[in-house]
Amino acid sequence: MQVDRREFIKKAALSAAGAVLIGSMPKSLMGAARGEDGLIWQKAPCRFCGVGCGVMVGVKDGRVVAVQGDLENPVNKGLLCAKGYHTSHILYGEDRLRKPQVRKNGKLTDVSWDEAIETIAKFVKKNDDTFAIYGSGQWTVAEGYTAMKFLKGGCSNNNVDPNARLCMASAVVGMLTTYGVDEPSGCYEDFDLCDTLVLWGNNMAEMHPVLWSRIVDRRAKGEKIEIFDLATRRTRTTQEADHYLEFTPQGDLAIANGICNILIQEGKYDKNWVANHCNFRAGKDGAGSPMTFEQYKEWLETYTPEYVEEVAGISPRELKLLASRFADPSKKILSLWCMGMNQHTRGTWINNLVYNVHFLSGQFGAPGKTAFSLTGQPSACGTCREVGTLAHALPGGRVVANEVHRQQTEDFWKLPKGRINPKPGHHTVAMFEALNKNTLSGVWVQVTNPAQTIPNLNEITDKLKNRFLVVSDVYPTITTDLATVVLPSALWVEKNGIFGNSERRTQQWFKMIEPPGEARDDVWQMLAVAHKLYEMGHPGMINRDGDFLFTFKDENGQEIEIWKWEVFNSPDVNVDRLLYEEYRPFTKMKHKDVAPYDVLVKNRGMLWPVVQDAKGRWRETKRRFVEGEDPFVKEGSGVDFYWGKEKDGKARVWARPYEAPPEIPDKEYPFWLCTGRVLEHWHTGTMTRRVKQLNAGMPNAYVEVNAKDAAEMNISTGNMVKISSRRGSINLPAWINGRGSPQKGLVFVPFFDESKLINEVTLQAYCPLSKEPDYKKCAVKIEKV
Amino acid sequence: MPISGYIVIPKKGTVDNLIAQLNQREDVEVGIRNQKGFALVAATIDDREAKAFGKDLEQWETVESATLVYHNFEDTVTQAATSV
Ligand code: SF4
């Protein structure tokens, strides 16, 4: 196995280098072009993570036969990671779902599309107020938008939420409460321009490998970049770091406040920046109440280096070292984070606090100086955050609780007044609780696998099999095992699509091959059910003109029958374009103007806001809120937080306290449990575990145990260990001093392995503001078995 | 043991010699080649050696440039997850 793994990595390295070397062959392929090798090459974003690397996809005889990094794409400049190089293999697993299935007499049975669609429509017609859609940060923009319009516009029901709730909701609420609008100010160019990198619980080397390579490459070329790795376990990222600051779980809240306290006590904060761009706010909720700088200064005084050491476990020397970098105005500091900070019972607060550090030090709104939240999924930003596929939201940064917003949306969608329900739907954890209690009668799951990812699975998914569960997926999963209806879906380049990555880059691709068997696009599946409901006389599927909710007309004014597969799938009709162009005006409402579809076709994605200049050219925006870059910034302001809550162009600095986590190790359960991902696998492994090379690289879950703990308990690598919490237990092989090495008293388990469900052990606690669960800390005991 | 992938551009007329020289080493493997250069993968003992290898390669008389395009921080212990 060891040899396989090393050979696999060597091959990945060789293919990476080879792809860059020969990458000049299909240079500048804006549309499809035939290479010398007879392959048709077209651009697409990688199917996997939020980095959003560009790939060139080579198709021959209706099959994807090659993938290489896209040299023209500024995200990755030709480079891909191990997952990216194997993207094409995810299309060709032997057990791809090919036929719709309906459970009959307890067994999933192949049926026609007509029967499957009718089964769903009949159920929704009767239960339209208790039906939910659970989607994904891997939804394309059109998929998320269709789900929103279908349920919120068609069923007056706001129970739409995505799995992105589990990974980036805290970043969203963090930004909303800090500068009044979601998504980062900076961009990936800042990775090339910073001189100091602060990683807040972010194992970039495994989770964002291509961005990490950009940093490593700069170092390899002799550039000096100082890296601080703040973490609870040593990882591959630590190996490259100059400073490893190991903190007690939840201690990050105290560390951030501790840095701010030092900056102010030593008079080393950026007084001009603070005066010009900051308001101060106290409180535990999202609104808070105003406070003065003096009050904030006094409030912070608790966070002495000694107090920080007491609760966060990092020494005063380490804290002062990190603070000294923020105190140095000559530095260009980039802070990065992802799930380590977001999956936190105070995820919103820690997001607020990291902005505090950057605002007080003036490390914001200039090249190389920013605080940047990375996303895990390829369109967590483009779909979940921009389209707004969250239970409280509407497209374009609108919210259902706001009457004006509802009216605007009703006008866009041509709905009768009052159609949109003002009551927010259930967020993810509440949605599965409601399904458990039968207050929600059914759910349509698309592009995600909740039976593996919801925390405290024993409680939450227990009754799912007794509800009306529709699952659209590409392979069987443990969620399809519970389903009433299974719909086979088209995957990646088997359909048209648009993703939006971490840096606000919207990327479009065209369908390149046919899906296998009878698999069809998720968008079509929803349109077909919507139209079936329309045929059945469901009043919600009729707009105020008396037309079908999803009415599109051709240039002759004839309705395009997009609910018919042969029309939807015709090369003359691009439903993705129709839906995207219908959605695009929403994006102007909060200055997130995405580029027109046809402009995206010609580019390797564009960073919004995208506006036309005086000559009519479409211009992207590298840094939001920055004068000279962002077209919406007021002249002379330098940095303008134009959506700031106080409407004075300023952002908020929040007094958010350290708060202990809801479950901490005790005598009975003396260890912390932290869960996460691995380089080789995409989330629950539905796709990557079907790629031989990736699965050989990481075939099974394990538990990382600290070497001293292991010695004390006589545990060696390979020994089976039982991990138990108050909620459940699993047995896993131990790995000591392996890829990662946790701090003493902490164990780490990845969640990709469906045969070892660590989420039967995790805690169901979540951030009260973002509703994002904390998968990074709960109390467990471990025993050698 | 880290694994690094490089694009090596040789000086004019030296490519065959250079590849032959590299092929004698156990820690490197030469990959795809075109008129510009070739891909190379190096497996080194630790990170320090990986960096030293890259720097050293750039200094070779026959090497015009060596650009790191892939780096994998391989597991620090001999026993990988796959063997547990
Ligand atoms: S870093 Fe992410 S987007 Fe890039 S190739 Fe790897 S998985 Fe794909």
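Thresholds, definitions, all that
Residues numbered from 1 in each chain as written. Chains lettered and ligands numbered in written order. Predicted model: local features only at pLDDT ≥ 70, side-chain atom pairs only at ≥ 80, totals over all residues. Heavy atoms only, no water. Helix = DSSP H or I, 4+ residues; strand = E, 2+ residues; numbered from the N terminus. Buried < 20%, exposed > 50% of the residue type's maximum accessible area, 1.4 Å probe, protein only. Areas by Shrake-Rupley, 256 points an atom, 1.4 Å probe, with all protein chains shown as cover. Contact = heavy atoms within 4.5 Å. Pairing = 2+ DSSP bridges. Axes fitted to C-alpha atoms, helices over the stretch in contact; angles between N-to-C directions. Salt bridge = Lys/Arg side-chain N within 4 Å of Asp/Glu carboxyl O. Phe/Tyr/Trp six-rings, centres within 6.5 Å; stacked < 30°, edge-to-face > 60°. Lys NZ or Arg CZ within 6 Å of the ring centre and 35° of its normal. Near = heavy atom within 4 Å. Core = buried A, V, L, I, M, F, W, Y, C linked by side-chain atoms within 4.5 Å. Domains from an automatic or database assignment. Expected span 1.5 Å × (residues − 1). pLDDT = per-residue confidence, 0-100. Polar contact = N/O pair within 3.5 Å; in protein donor to acceptor, adjacent residues only side chain to side chain. 1 Å grid on protein atoms, 1.4 Å probe; cavity = no way out; pocket = protein on both sides within 12 Å on 5 of 7 lines; lining within 4 Å. Points joined across faces, edges and corners; volume = space filled by probe spheres on them. Nonpolar A, V, L, I, M, F, W, Y, C, P; charged D, E, K, R; others polar. Parallel < 35°, antiparallel > 145°, perpendicular 65-115°, else oblique. Left-handed = near helix turned anticlockwise from the far one by under 90°.

**A few points about the overall build of chain B**
Regarding its fold elements, chain B presents two helices and four strands. Order of helices (α) and strands (β) in chain B, N terminus to C terminus: β-α-β-β-α-β. By the burial criterion, 51% of the 84 residues in chain B qualify as buried. Put simply, chain B shows about 4,400 Å² of open surface, and 47% of that area lies on carbon and sulfur atoms.

**Considering the environment of A:Val611**
Residues and elements named next belong to chain A. With respect to the helices and strands, the residue valine 611 is situated in strand β25 (residues 611-612). Measuring from C-alpha to C-alpha, the distance between valine 611 and threonine 621 comes to 8.6 Å, with 10 residues separating the pair along the chain. Residues contacting valine 611, with those up to four places away along its chain left out, are Asp593, Arg617, Trp618, Arg619, Pro631 and Phe632.

**Quick notes on the sheet that holds strand β34 (residues 778-784) of chain A**
Spatial ordering of the closed barrel is given by β28-β33-β29-β31-β30-β34 (chain A), a layout of six strands whose pairing is mixed. Across the sheet, the axes of successive neighbouring strands diverge by a mean angle of 45°, strand direction being ignored.

**Describing the pattern of salt bridges**
Residues and elements named next belong to chain A. Scanning the model with the defined rule gives 49 salt bridges over all chains in all. With its nearest N and O atoms 2.7 Å apart, the salt bridge here joins glutamate 189 to lysine 622. Note that glutamate 189 is positioned in helix α6 (residues 189-193) and lysine 622 in the loop between β26 (618-619) and β27 (651-655), a separation of 433 residues in sequence. With relative accessibility at 26%, the residue glutamate 189 sits in the partly exposed group. For glutamate 663, the salt bridge identified is with arginine 726, shortest N-O distance 3.1 Å.

**Some words on the packing of aromatic side chains**
Residues and elements named next belong to chain A. By the definition in use, this model includes 46 aromatic pairs over all chains. For the ring pair tryptophan 337 and tyrosine 355, a centre distance of 5.7 Å and an interplane angle of 80° mean the geometry is edge-to-face. Here the residue tryptophan 337 occupies a position in strand β15 (residues 333-337), and tyrosine 355 occupies one in helix α16 (residues 347-360), the gap between them amounting to 18 residues. Under the relative-accessibility criterion, tyrosine 355 is labelled buried at 0%. Chaining the aromatic ring pairs together yields one cluster made of Tyr179, Trp273, Trp337, Tyr355, Phe359, Phe364, Phe625, Phe632, Phe641 and Tyr642. In this structure, arginine 96 is placed above the aromatic ring of tyrosine 475, and the distance from its NZ or CZ to the ring centre is 6.0 Å. Of note, arginine 520 hangs over the ring of tryptophan 524, and the distance from its end group to the ring centre comes to 4.8 Å.

**Examining the sheet that holds strand β7 (residues 131-135) of chain A**
Residues and elements named next belong to chain A. Across the sheet, seven strands lie side by side as β6-β5-β21-β20-β19-β7-β8; this open sheet has mixed pairing. The two strands at the open ends of the sheet, each matched to only one other strand, are β6 (107-110) and β8 (160-162). Between one strand axis and the next, the sheet turns by 20° as a mean value, whatever way the strands run. As defined by bridge partners, β7 adjoins β8 across three bridges and the pair is classed as parallel.

**Quick look at the site of the ligand**
All residues adjacent to the ligand are A:Cys46, A:Phe48, A:Cys49, A:Gly52, A:Cys53, A:Leu80, A:Cys81, A:Lys83, A:Gly84, A:Pro209 and A:Val210. Sorting the residues of the shell around the ligand by element identifies α2 (82-85) and α8 (209-220) of chain A as the ones contributing at least two each.

**Digging into the nonpolar core**
Residues and elements named next belong to chain A. Core analysis: the largest hydrophobic core is formed by 77 residues, its most contacted members being Phe191, Leu197, Trp492 and Val493. Split by domain, the residues of this core number at least three in each of domain 3 (169-373) and domain 4 (671-762). Counting residues in hydrophobic clusters, the runner-up holds 69 residues, among them Ile117, Ile133, Val573 and Val599.

**Some details on the side chain of A:Thr409**
Here A:Thr409 is to be found in helix α18 (residues 403-412). Not counting chain neighbours up to four residues away, the residues in contact with A:Thr409 comprise A:Leu394, A:Arg398, A:Ile420 and A:Phe586.

**Comments concerning α8(A)**
All names here are of chain A. For α8, with 12 residues, the first-to-last C-alpha span of 16 Å sits near the 16 Å given by 1.5 Å per residue. By the criterion of burial, α8 is predominantly enclosed, with 11 of the 12 residues buried. Among the residues of α8, those classed as buried are Pro209, Val210, Leu211, Trp212, Ser213, Arg214, Ile215, Val216, Asp217, Arg218 and Arg219. In the stretch just after α8, glycine 222 is the one whose phi turns positive, near 95°.

**A look at the confidence of the model for chain A**
On average, residues of chain A score 93 in pLDDT, and 95% of them reach the 70 mark or higher. The low-confidence segment residues 23-31 of chain A, where pLDDT is below 50, has 19 contacts with residues more than four positions distant or belonging to other chains.

**Considerations on the side chain of A:Thr453**
All names here are of chain A. Within the element layout of this structure, threonine 453 appears in helix α20 (residues 450-453). A polar atom in the side chain of threonine 453 sits 3.3 Å from the backbone oxygen of asparagine 449. With residues up to four places along the chain from it excluded, the contact list for threonine 453 reads Leu166, Thr684, Phe751, Asn759 and Tyr775.

**Comments concerning unusual backbone geometry**
All names here are of chain A. For the bond running from tryptophan 608 to proline 609, omega is -5°, close enough to zero to count as cis. Looking at the secondary structure, you find proline 609 in the loop between β24 (606-607) and β25. Its identity is not glycine, yet asparagine 105 carries a phi of approximately 50°, on the positive side. Examined against the element boundaries, asparagine 105 turns out to sit in the loop between β5 (101-104) and β6. A positive phi angle, close to 50°, is found at asparagine 737, a residue other than glycine. In this structure asparagine 737 comes out as partly exposed when scored by relative accessible area, which is 36%.

**Let's talk about α16(A)**
Residues and elements named next belong to chain A. Taking 1.5 Å of rise per residue, 14 residues should cover 20 Å, and α16 covers 20 Å from first to last C-alpha, within 8% of that figure. Judged by how many residues are buried, α16 sits mostly within the fold: 14 of 14 residues are covered. Just downstream of α16, glycine 362 is the residue with a positive phi angle, here 70°.

**Brief notes about the pairing of strand β10 (residues 226-231) of chain A**
Residues and elements named next belong to chain A. Most of β10 is tucked away, with six of its six residues classed as buried. Residues Glu226, Phe228 and Leu230 of β10 are buried on one face, and the alternating residues Ile227, Asp229 and Ala231, pointing to the opposite face, are buried as well. Sheet analysis places β10 next to strand β12 (residues 243-246), joined by four bridges and oriented parallel. Within the sheet, the bridge partner assigned to leucine 230 lies in β12 and is leucine 245.

**Details of the layout of surface pockets**
Residues and elements named next belong to chain A. Empty space within the largest pocket amounts to approximately 890 Å³. Forming the walls of the largest pocket are 35 residues, and the residues nearest its centre are Leu176, His392, Gly397, Val399 and Lys645. Ranked by residues supplied to the lining of the largest pocket, first place goes to helix α5 (residues 169-179) with five residues. Of the residues in the lining of the largest pocket, the class split is 14 nonpolar, 12 polar and nine charged. Composition of the lining of the largest pocket by domain shows at least three residues from each of domain 2 (101-163 + 387-488 + 522-549) and domain 3 (169-373).

**Details of the packing of helix α10 (residues 252-265) of chain A against helix α12 (residues 293-300) of chain A**
To characterise two packed helices, one gives the angle between the axes of the helices and the distance between these axes. Residues and elements named next belong to chain A. Contact geometry of α10 with α12 gives a least axis separation of 9 Å together with a crossing angle of 120°. Taken together, the axes of α10 and α12 are oblique relative to one another. In this structure, the crossing between α10 and α12 has a hand that is left-handed. Every residue of α12 that contacts α10 at Asn257, Cys260, Asn261 and Ile264 is listed here: Phe293, Tyr296, Lys297, Trp299 and Leu300. Here the contact of α10 with α12 is composed, by residue class, of six nonpolar, two polar and one charged.

**A look at the environment of B:Arg25**
Residue and element names in this part refer to chain B. Examined against the element boundaries, arginine 25 turns out to sit in the loop between α1 (15-23) and β2 (28-33). Overall, the relative accessible area of 28% leaves arginine 25 in the partly exposed class. In this structure the C-alpha to C-alpha distance between arginine 25 and valine 69, which are 44 residues apart in sequence, comes to 20 Å. Here arginine 25 is in contact with Phe53 and Trp60, once residues within four sequence places are set aside. Separated by 3.0 Å, the side chains of arginine 25 and aspartate 27 make a polar contact.

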